[in-house]
Amino acid sequence: MTLGRMKRHFDFLEMREAPTKAFTKSFVLQVRPNDKGVTRVGFTVSKRISKLAVVRNRLRRQMREVVRLSPDIQTKYPSHDLVLIAKGEALNRDYTQLTKDFAYLLDHVHEVADDKKDNG
RNA sequence: UCAGAUGGUCAGGCAAUCGCUGUGAAGCAAUUCAUGGAGGAAAGUCCGGGCUUCGUAUGAGACACAAUACCGGAUAACGUCCGGGCGGGGUGACCCGAUGGAAAGUGUCACAGAAAAUAAACCGCCCAUGUUCGCAUGGGUAAGGGUGAAAUGGCGAGGUAAGAGCUCACCGCGCAGGCCGAGAGGCCUUGUGGCAGGACAAACCCUAUUGGAAGCAAGACCAAAUAAGACGGCCGACGCUUGCGUUGUAAAAGAACAGUCUCAGGUUCGUCGUCGCUAGGUAGGUUGCUUGAGCGUGUCAGUAAUGACAUUGCCAGACGAAUGAUUGCCCUUUUGACAGAACCCGGCUUAUCGGCCAUCUGACUUU
RNA sequence: GGAGAGAUGGUCGAGUGGUUUAAGGCACCGGUCUUGAAAACCGGCGUGGGGGUUCCCCCACCGAGGGUUCGAAUCCCUCUCUCUCCG
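Rules of the game
Residues numbered from 1 in each chain as written. Chains lettered and ligands numbered in written order. Predicted model: local features only at pLDDT ≥ 70, side-chain atom pairs only at ≥ 80, totals over all residues. Heavy atoms only, no water. Buried < 20%, exposed > 50% of the residue type's maximum accessible area, 1.4 Å probe, protein only. Helix = DSSP H or I, 4+ residues; strand = E, 2+ residues; numbered from the N terminus. Pairing = 2+ DSSP bridges. Polar contact = N/O pair within 3.5 Å; in protein donor to acceptor, adjacent residues only side chain to side chain. Contact = heavy atoms within 4.5 Å. Expected span 1.5 Å × (residues − 1). Arc of directions from axis to C-beta.

1. Some points on the pairing of strand β5 (residues 80-86)
In step 1: Burial within β5 is extensive, with six of its seven residues counted as buried.
In step 2: As paired elements, strand β3 (residues 27-33) and β5 share seven bridges and run antiparallel to each other. Considered in β5, the bridge of Gln30 is made with Val83.
In step 3: Here five bridges tie strand β4 (residues 40-44) to β5, and the two strands are oriented parallel to one another. Paired with Thr44 across the strands is Ile85, a residue of β5.

2. Looking at the side chain of Ser50
In step 1: One can find Ser50 in the loop between β4 and α2 (53-68).
In step 2: Within polar-contact distance, the side chain of Ser50 engages the backbone nitrogen of Leu52 at 3.1 Å.
In step 3: Those residues in contact with Ser50 that lie beyond four places of it in its chain are Val55, Arg56 and Leu91.

3. Brief notes about α2
In step 1: Its 16 residues give α2 an end-to-end C-alpha distance of 22 Å, which sits within 8% of 22 Å, the value for a rise of 1.5 Å per residue.
In step 2: Regarding α2, the residues found buried are Val55, Arg56, Leu59, Met63, Val66 and Val67. Looking straight down α2, one finds that the buried residues subtend no more than 100° of arc, so they occupy a single side. Residues Val54, Arg61 and Arg68 are exposed on α2 and point more than 90 degrees away from its buried face.

Fair warning: the whole summary comes from geometry, so function is off the table for now.
Here it is in structure tokens:
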């Protein structure tokens, strides 16, 4: 029941070609299956969100907490890579709203992934 | 009590639950336990160092370039700090000042104005001559007007045709002298000069002092991919232990090498074979990486910056980057200032809701 | 993290102390020409504030704020923003 953390720059570049994604006003979620048998998650908060390092750090910590406390990631996406990218709207939301956004993202991705599988 | 000045300090606190990360211990291991875990600015990268590499890095000198600029002290060093001087502001505590030289030289000072820097004369004022009585010509003058950011000491008296440092008193200024001070500088019932020397050096410059360059993405070690070099002999030189070690122009001349040049010194530049399982080193990993001109406390020296001694503890060390999330209570004021270490220190500058402490100033009241 | 460059009207861009009328091009607006348009030619054209009143005048603005100077887009300092390079 351990969540892997994605840290290599190379992995993030690969995720740009991820087959399945999901969007809200606060986040972009990229999802891709891997062959490591572990679900790994990466986070991106760019300088475009805010120039202040304090603001970016707090947002990333909240995102990490949201993902950590979501119980059904592993059951929905076993052995997948996920990258959660923050958008500017995320700064205007509190913790509970971010939780709801992430839950919405997980469901939304599932549908898109099914469509992709039908096409391929 | 109100208003203010200066310096210092804090940066919401406590508890619970679930998590992150360094170190140590236990364990075959998963993991468990203990313990440490952002700032006064961590920021801007504006200065000064340490450290590392570059060719030795403090070899010497000259030039160029850059920076700094009252005096004395502090410091590893500084453009920083402390004390003092001078100028300016404030009733005052106190604050502000890129504060050397314009008498070494060059340059600039638009427009306006007669004239903008070895003075000059537009309107004036005065004298002489001429006169058509409007004035014209020649000369004297710089007090007044006007222009400008700035007009060649100020004011009064004497003086004169009118005036003028032309003369004199006072003030200002320069030079010299004396006294005080470590010095910047200050003071003088002192002498002297009739005043020469407008402003700009954040214009060039002069004088004095300082500075090699690049930066932890420096650098060191291990080492996929890819690709080409590495090692040994010969010859020569040097050393002694005389058969090994060190080395590649050693004898002469020359070339290249970090702003330029000179002197001194240094490095590199021979040839033939062998190996491809080797060598170098990219991705990646390890290291540099935190014990330090450190911080705290106390005593002593000093007006102070700071220094000396004693003592206790080891006080972040990450690398897509650790301090968070949620809940409750308390505090002030909705709500919680500015803001996140990235090799490490000393400063400066900038951002910052407020609270607290100390010393001092002014006004009012009371005793 | 470190090193460097830049910012001038709607846009591109010259100007390096002196009423700069803040050149010039593009874009935009009006006119001439045309059946109409394009091209060409001629003229106009930044923003904000104030004063008189339909046409002028004055002031401010060259990323922001200070300073030097009689005078700053220009020289000096601080800040903001943008871009480039170093694995």
